[in-house]
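Listed below, chain by chain, are the residues.
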Amino acid sequence: VSIWIVAFASNLSAYWIVAANAWMQKPTGFRVVDGRAELADFSAVIFSDFALISVAHTLAGAFLLAGFFVMGVSGYHLLRKNETALFKKSFKIGATFALIFSLVEVWTGHTSGVHVAKYQKAKLAAMESLWETQKDPDMYMILIPDEANERNRIEWIGIPKIMKWMAYGGNSEASITGLNDFPREERPPVTLTYFSFRAMVGLGFLFVALSFLAWWYRHRIETKPFLLKLLLYAIPLPYLACELGWMVTEVGRQPWIVYGLKKTSEMVSPVHPQQVLASLIAFILVYSLLGAVDIFLLIRFARKGPEPATMNKV
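Criteria and thresholds
Residues numbered from 1 in each chain as written. Predicted model: local features only at pLDDT ≥ 70, side-chain atom pairs only at ≥ 80, totals over all residues. Heavy atoms only, no water. Helix = DSSP H or I, 4+ residues; strand = E, 2+ residues; numbered from the N terminus. Buried < 20%, exposed > 50% of the residue type's maximum accessible area, 1.4 Å probe, protein only. Contact = heavy atoms within 4.5 Å. Areas by Shrake-Rupley, 256 points an atom, 1.4 Å probe, with all protein chains shown as cover. Lys, Arg positive; Asp, Glu negative; His and termini not counted. Charge placed at Lys NZ, Arg CZ, Asp CG, Glu CD. Polar contact = N/O pair within 3.5 Å; in protein donor to acceptor, adjacent residues only side chain to side chain. Patch = residues over 30% accessible without salt bridge, like charges linked within 9 Å, V, L, I, M, F, W, Y side chains within 5 Å. Salt bridge = Lys/Arg side-chain N within 4 Å of Asp/Glu carboxyl O. Axes fitted to C-alpha atoms, helices over the stretch in contact; angles between N-to-C directions. Parallel < 35°, antiparallel > 145°, perpendicular 65-115°, else oblique. Nonpolar A, V, L, I, M, F, W, Y, C, P; charged D, E, K, R; others polar. Phe/Tyr/Trp six-rings, centres within 6.5 Å; stacked < 30°, edge-to-face > 60°. Lys NZ or Arg CZ within 6 Å of the ring centre and 35° of its normal.

Caption draft 1: A look at the overall build of the chain. A count of helical and extended segments in the chain gives 10 helices and 6 strands. When its C-alpha atoms are laid out on the principal axes, the chain stretches across 80 × 45 × 40 Å. Taken across its 314 residues, the chain has 36% of its residues classed as buried. Put simply, 71% of the contacts in the chain that link residues at least 6 apart link residues at least 24 apart. Summed over its atoms, the accessible surface of the chain is roughly 18700 Å², and 68% of this surface lies on carbon and sulfur atoms. Across the chain, the 30 positively charged side chains and the 24 negatively charged ones have centroids separated by 12 Å.

Caption draft 2: Broad picture of the environment of Tyr119. Mapped onto the secondary structure, Tyr119 falls in helix 4 (residues 84-119). If we ignore the near neighbours within four places in the chain, the residues touching Tyr119 are Lys26, Asp49, Phe50 and Tyr259. Within the structure, Tyr119 has its side chain in polar contact with the side chain of Lys26 (distance 3.2 Å).

Caption draft 3: Highlighting a nonpolar patch on the surface. The grouping of Phe8, Leu12, Trp16, Leu39 and Phe42 at the surface amounts to a nonpolar patch, some 560 Å² of accessible area in total. In terms of residues, the nonpolar patch owes the most to one element, helix 1 (residues 2-25), which gives 3 residues. Within the secondary structure, Leu12 is located in helix 1.

Caption draft 4: Up close: the packing of helix 5 (residues 121-128) against helix 7 (residues 190-216). Between helix 5 and helix 7, whose axes approach to 7 Å, the crossing angle comes to 70 degrees. It follows that helix 5 is roughly perpendicular to helix 7 by the angle criterion. Facing helix 5, whose interface residues are Ala126, Met127 and Glu128, helix 7 presents Val190, Thr193, Tyr194, Phe197 and Arg198. The class makeup of the residues in the contact of helix 5 with helix 7 is 5 nonpolar, 1 polar and 2 charged.

Caption draft 5: Expanded view of the packing of aromatic side chains. Tallying each qualifying case throughout the model produces 12 aromatic pairs. Ring geometry for Phe63 and Phe101: centres 5.0 Å apart, planes at 65 degrees, overall edge-to-face. Within this pair, whereas Phe63 is found in helix 3 (residues 49-79), its partner Phe101 is found in helix 4, the two being separated by 38 residues in sequence. Ring geometry for Phe283 versus Tyr287: centroids 6.0 Å apart, planes at 15 degrees, classification stacked. One end of the pair is Phe283 and the other is Tyr287, both in helix 10 (residues 273-304) and 4 residues apart, which spans about a single turn. The two residues Phe283 and Tyr287 agree in class, both being exposed. Through pairs of rings, three or more aromatic residues link up here, namely Tyr15, Trp16 and Phe42. The aromatic ring of Tyr76 is capped on one face by Arg80, whose charged end is 3.9 Å from the ring centroid.

Here's what the structure looks like:
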């Protein structure tokens, strides 16, 4: 019962956090009174299209991470032929879970991209490092942005139609707005946004491939030691993908703290930089310690595995 209560509360907490962040990405359900934003429609905030798809994408990423964690730990023990029956069963569950949510993650990621194209055109341009407005720009497999000169240093292997389809589906009349159509002070950091987005997407499709292979071989996975090792070493990758996703979300939103309404520079509190530095150092130290303890305990108990079964002798 405690496990289910914690799981339910964690997911509910995630909903409120992501819905609040979605309001900062696409403000809705409010009115401005004497220069102050006030809530006007609670349901419009928590059930906006941006909030719903953001919550779905975030939770799918968390469930995907859980599936890969279970597969990796199960694979570790299967490689050592430890409690084979138990860990084959847990591996099958993890593989099925990971495959389902890796596909959900790709779908919600695409839908999120459509929302970004509709509501955050500068972020979309930064995600693709697109400088000039075009009706059907190529998506380049290899690209290096050059922010200083407002261009791309390298553009290799261009693929037509994909960027347009990702942003607008079948709308042949729409064009994708380039960064040069926005003032410099209203563009997000292009290089960091672009590479974070590309790495996140690449990992997303890698997760689909790995989870499909794991699911396909789930009944005889103990005969595939190379795949088991891959899944073991892949445990950190979903964590990395989640962080990259948040980097795209938050860095790509800049310079806005509430998109299109208030800039981050306008909301800076009158606090001395040394106080901010002290708080930042304290947070880094405390959370680094907590993170190290968490990783240590996860590794320790994952390696240990279950307690051996015992029988009472009569």
